[in-house]
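Next come the chains, spelled out residue by residue.
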Amino acid sequence: MVQSVTRGSRIVRQAVPENLESDFGALDEFLTPTAQHYVRSHFAVPTVDAAAWRLEVRGAVGQPLSLSLDQLRALPKTSRVVTMECAGNGRQFLTPAVPGVQWERGAVSTAEWTGVRLADLLAKAGVSTEATRVAFEGHDKGEVKNTPLPSGPITFHRSMTLAEARTRDVLVAYAINGEPLPAAHGAPARLIVPGCYGMASVKWLSSIEAVTGEFDGYWETTDYAYWDRSTGRPLRRPLMGMQVKSLIARPSARGQVARGTVVDIGGAAWSDGAVTRVEVSTDGGATWRDAEFIDPQGASTWRRWRLRWQVPATAGEVVLMSRATDAQGRTQPMTRNPDWGTYVIHHVVPTTVTIV
Ligand SMILES: Nc1nc2c(c(=O)[nH]1)N[C@H]1C(S)=C(S)[C@@H](COP(=O)(O)O)O[C@H]1N2
Ligand SMILES: [Mo]
C-alpha cells in the first residue's frame, strides 16, 4: 500500500491502538520534536486521572511508598537524552513477512526525558537485600495474541534485574522535551530505560515492585524474548539492550539521484552504548568508506552521520548500505540471526536508489 504523507508527519501503522511511526526520511534534528516521536502501544490509552494517580513502590522493601504526582515532582529531578527504538523497528524488511506492526525505519526517536532516578526511589523504599528483580506495571490492559498466552485481559508489565535497575540509569519520567508527558507517551509518568529497546520503558506506570526470585511475565518470556545461544543451547531470555544499528535516511529508498552530482548520504546510528564508527558502501557492500559524525559520542543517544557521494555519471540502479560499530567492538551483521524472532532487526538493510 502506498501511503502519501506530509514530510515530517507520523505514519499511521495502526489506528487503534495507536501505533505511529516517525518519518525517518525527514530526520533533521538531534532531538525528535515530541509531535513526531514514534508511538507504540499494545492496548488503548488507559484513562488515568493525574490528580488521583499514585505510584506504588512495594514488594520486598522496608518502607512501601505511595507517591502522588506532586510528591514525585518534589523529589530531586534529573534529565536524560535517550534514543528509544522499538524492538520491532524494521520488521517490514523481513522476508518472509512476519506478523506484528509493520514498522519500516521510523520506530526510533530521541527525546529529553525528565523525572526521578529509579535508584533514588528504590533507596527511599529500602529495597530488601533478598530482592533480585524489579517489576514495573502499567495501567493499560487487554487481550494478547502470542502463544503460550494467559487467559483474559492482562496489563503491560515487565521486570529487570536489580543490578540493571541500578546501573542503567533508569528514570521515572513525567516530562518529555520540557513538557508534561502526552497521554500517548504514558502520562502522568513512565519508566525510561536508557540503552534498552522501548518495551522496557513501561508507560502509564502504576507500580514498581521489588521481587525475590523469578518473575517470568508474558512480556519477557512469550513476547519480547529471544533465543540466546551463547552457551551452546538456545536459552529463552528477555530482550533488553539495543544492538548496534544504523539506518540511511537520505537519499530515500527507491528514490532517484541525478547522475554526475554530489549528494549527501545521511542517517543515524545507535546501540546500547556509544557508536564509534559508521561505514557506507555505494556499491552493494563491495567497498566501504567511513562516514563523518554530526553528533558527539553519547552513551544512550544516536549519532547522525553523513558522507559526501560523487554520484556516477551513468544511469542505473545502485545499492547503498551503512554499517555501524560501537565502543564494545560490535559491528552490524550483514545477515539476520533468526533467533531474534520478530524483533531486533539490526542487520544491514540495502537501500536501492536509481541514478537518472
Ligand atoms: N504500559 C505500556 N508501556 C509500554 C508499551 C505499552 O504498550 N504499554 N509499549 C512499549 C513499547 S513496545 C515501546 S517501543 C515503547 C514506546 O514508547 P513511546 O510510545 O513513548 O514511543 O513503550 C513501551 N511501554
Ligand atoms: Mo516496542
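Since we're looking at a predicted model, the values are computed, not measured. (Residues numbered from 1 in each chain as written. Chains lettered and ligands numbered in written order. Predicted model: local features only at pLDDT ≥ 70, side-chain atom pairs only at ≥ 80, totals over all residues. Heavy atoms only, no water.)

*Asks:* Explain the nonpolar core residue by residue, including any values.
*Replies:* Side chains of nonpolar character tend, in soluble globular proteins, to be buried together. One finds L72, L121, F136, V172, L191, I208 and L239 to be the most contacted residues of the largest nonpolar core, which totals 60 residues. A total of four residues in this core trace back to one element, the largest contributor, which is helix α2 (residues 118–125). Looking at which domains feed residues into this core, each of domain 1 (5–238) and domain 2 (245–355) gives three or more. If we skip the residues at most four places from it in the chain, L239 touches A87, R158, M199, Y224, A225, Y226, W340, Y343 and V344. (Core = buried A, V, L, I, M, F, W, Y, C linked by side-chain atoms within 4.5 Å. Buried < 20%, exposed > 50% of the residue type's maximum accessible area, 1.4 Å probe, protein only. Helix = DSSP H or I, 4+ residues; strand = E, 2+ residues; numbered from the N terminus. Domains from an automatic or database assignment. Contact = heavy atoms within 4.5 Å.)

*Asks:* Which residues make up empty space enclosed by the protein, and what values do they have?
*Replies:* In total, this model carries two cavities of 30 Å³ or more according to the counting rule given. There is about 250 Å³ of room inside the largest cavity. Along its surface, the largest cavity is lined by 20 residues, and R40, R190, G198, M199 and K203 are the ones closest to its centre. Its residues assigned to classes, the lining of the largest cavity shows ten nonpolar, six polar and four charged. Of the volumes computed, that of the second largest cavity is approximately 30 Å³. Along the walls of the second largest cavity sit G90, F93, K245, S246, L247, Q332, I345, H346, H347 and V349, which together make up its complete lining. (1 Å grid on protein atoms, 1.4 Å probe; cavity = no way out; pocket = protein on both sides within 12 Å on 5 of 7 lines; lining within 4 Å. Points joined across faces, edges and corners; volume = space filled by probe spheres on them. Nonpolar A, V, L, I, M, F, W, Y, C, P; charged D, E, K, R; others polar.)

*Asks:* Can you explain the sheet that holds strand β13 (residues 205–211)? Please cite residues and give values.
*Replies:* Sheet architecture is open: five strands sit in the order β5-β4-β13-β8-β9, paired in mixed fashion. Across the chains shown, the open sheet's two edge strands, defined by having one partner strand only, are β5 (65–67) and β9 (154–161). This sheet shows a mean twist of 20° between the axes of neighbouring strands, independent of strand direction. Here α2 sits on the sheet in contact with β4 (55–59), β5, β8 (133–142) and β13, set at roughly 130° to β5. (Pairing = 2+ DSSP bridges. Axes fitted to C-alpha atoms, helices over the stretch in contact; angles between N-to-C directions.)

*Asks:* So, the domain arrangement of the chain: which residues are in play, and what are the values?
*Replies:* When cut into domains, the chain gives domain 1 (5–238) and domain 2 (245–355). Placing a centre on the C-alpha atoms of domain 1 and another on those of domain 2 gives a separation of 27 Å. Between domain 1 and domain 2, the contact holds 36 residues from the first and 24 residues from the second. Of the roughly 2700 Å² buried between domain 1 and domain 2 on both sides combined, carbon and sulfur atoms contribute 57%. Of all residues in domain 1, the largest losses of buried area upon contact with domain 2 belong to L27, F30 and R105, amounting jointly to 21% of the total for that side. Our count for the domain 1 to domain 2 interface comes out at three salt bridges. For R168, the salt bridge identified is with D272, shortest N-O distance 3.2 Å. Linking domain 1 with domain 2 are 18 residue pairs in polar contact (both at pLDDT 80 or more). The biggest single contributor to the side of domain 1 that touches domain 2 is strand β6 (residues 78–85), with four residues. (Buried area = accessible area lost by both parts, 1.4 Å probe. Salt bridge = Lys/Arg side-chain N within 4 Å of Asp/Glu carboxyl O. Polar contact = N/O pair within 3.5 Å; in protein donor to acceptor, adjacent residues only side chain to side chain.)

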